[in-house]
Amino acid sequence: MKAGINSLTAAVVVGVLIGLLLTPDGRAWLRHPTLMLGSTANASASPPAAPVAERTEAFVPMAPVMRATVTPIAQRMAQGQLRIGVFGDSMADGLYTGLYRELNGTPGVTVTKFSEVSTGLSRYDYVDIHAKTTRQLDDQPVDVAVILFGTNDAQGISIDGVVHDFGTEGWKAAYARRVDDLVALLRSRDVAVYWVGLPRMKRPTFDARMTIINDVVEGRMKALGVPYLETVDLTSNAEGEYEAYLSGAGGRRQLMRANDGIHMSMAGYLRISAPVAERLKRDAGIGPAATSAP
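Computed from a predicted model, the values in this text were never measured in an experiment. (Residues numbered from 1 in each chain as written. Predicted model: local features only at pLDDT ≥ 70, side-chain atom pairs only at ≥ 80, totals over all residues. Heavy atoms only, no water.)

*Asks:* Teacher, can you tell me more about the side chain of Asn-214 here?
*Replies:* You can see Asn-214 is positioned in helix H7 (residues 204–224). A polar atom in the side chain of Asn-214 sits 2.9 Å from the backbone nitrogen of Leu-198. (Helix = DSSP H or I, 4+ residues; strand = E, 2+ residues; numbered from the N terminus. Polar contact = N/O pair within 3.5 Å; in protein donor to acceptor, adjacent residues only side chain to side chain.)

As structure tokens, then:
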């Protein structure tokens, strides 16, 4: 019986490999196999969602920046409602939890999670974030988008059949284009955008990759006039290096990071969400934060 099951399993595996070899998508996957871990929040692997048709993207030089205007969030708040949406990957899931805790109970303010584990801006062949965000806004409009992407994005970007390897100038231009397109989509829906940077990472090589992403995003936010809230300093020790335990409230050291050296503990997410909440309160004219200095 056991031998029969093993033979059947081997036959299925061989059949799958043959099928992959006979299809263009399968051959592409075999050249660059993607690790999939089910529902686990895997920050360094490609998304486990089923592949979707990728949008046609023409790789053209960056156009001159047009700074679109949106309704100030203070005006939204004055009308009695401020709908905040949190977009991004598993890191944004934790950011959402922190923002919800910080802002829950504020009259007229709602905080909704739109983020999804193992997604990003590099692999639109798995989850097209632009298309997904369009559907999300159609279903549930928001006034403010708080965005945190990047932990899954240290991968090549394929545009028009050309793969731009991570970190190359082609990759940076392609990634910047997707960042710009996402901001443009949100602004076209009269949504104010706040982009949160990636924190310090434990592994130096991974930290260097996240630094590349932060640099691209920060540059685009500056060009687009979008608030960029960096978190590297918040998540580094006095020497500017990674440390799992950092001084918290009252100077007491707290565990700020998860075991993977990528994600945060709950205390860590509260650490990076607090300045975001304060900025939103100030810009919206809510409470004491509204009169504090920028």
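*Asks:* I would appreciate a short explanation of the nonpolar core in the present structure.
*Replies:* Counting residues in hydrophobic clusters, the biggest one holds 67 residues, and the most contacted among them are Val-146, Tyr-175 and Trp-195. No other element matches the 9 residues that helix H6 (residues 169–188) contributes to this core. The contacts of Trp-195, once residues within four sequence positions are left out, are Leu-121, Ile-147, Phe-149, Val-179, Leu-182, Val-183, Val-217, Met-221, Val-226, Pro-227, Tyr-228 and Leu-229. (Core = buried A, V, L, I, M, F, W, Y, C linked by side-chain atoms within 4.5 Å. Buried < 20%, exposed > 50% of the residue type's maximum accessible area, 1.4 Å probe, protein only. Contact = heavy atoms within 4.5 Å.)

*Asks:* Would you mind showing me how to read the confidence of the model for the chain here?
*Replies:* In regions of low pLDDT, the predicted coordinates are not meant to be interpreted in detail. Per-residue pLDDT for the chain has a mean of 83; in total, 74% of the residues score no lower than 70. The low-confidence segment residues 1–42, where pLDDT is below 50, has 31 contacts with residues more than four positions distant or belonging to other chains. With pLDDT under 50 throughout, residues 44–54 is counted as low confidence; its partners more than four residues away or in other chains account for 33 contacts. (pLDDT = per-residue confidence, 0-100.)

*Asks:* Looking at this structure, I do not really get the packing of helix H5 (residues 129–139) against H6. What am I missing?
*Replies:* Packed helix pairs are specified by the crossing angle of their axes together with the interaxial distance, meaning the distance between the axes. Where H5 contacts H6, the axes come no closer than 10 Å and their chain directions differ by 15 degrees. Taken together, H5 and H6 sit at an angle that is classed as roughly parallel. As H5 packs across H6, the resulting crossing turns out to be right-handed. Residues Ile-129, His-130, Thr-133, Thr-134 and Leu-137 of H5 form the contact with H6, whose own contacting residues are Asp-181, Leu-182, Leu-185 and Leu-186. Each residue belonging to the contact of H5 with H6 can be placed in one class, and the counts come to 5 nonpolar, 3 polar and 1 charged. (Axes fitted to C-alpha atoms, helices over the stretch in contact; angles between N-to-C directions. Parallel < 35°, antiparallel > 145°, perpendicular 65-115°, else oblique. Left-handed = near helix turned anticlockwise from the far one by under 90°. Nonpolar A, V, L, I, M, F, W, Y, C, P; charged D, E, K, R; others polar.)

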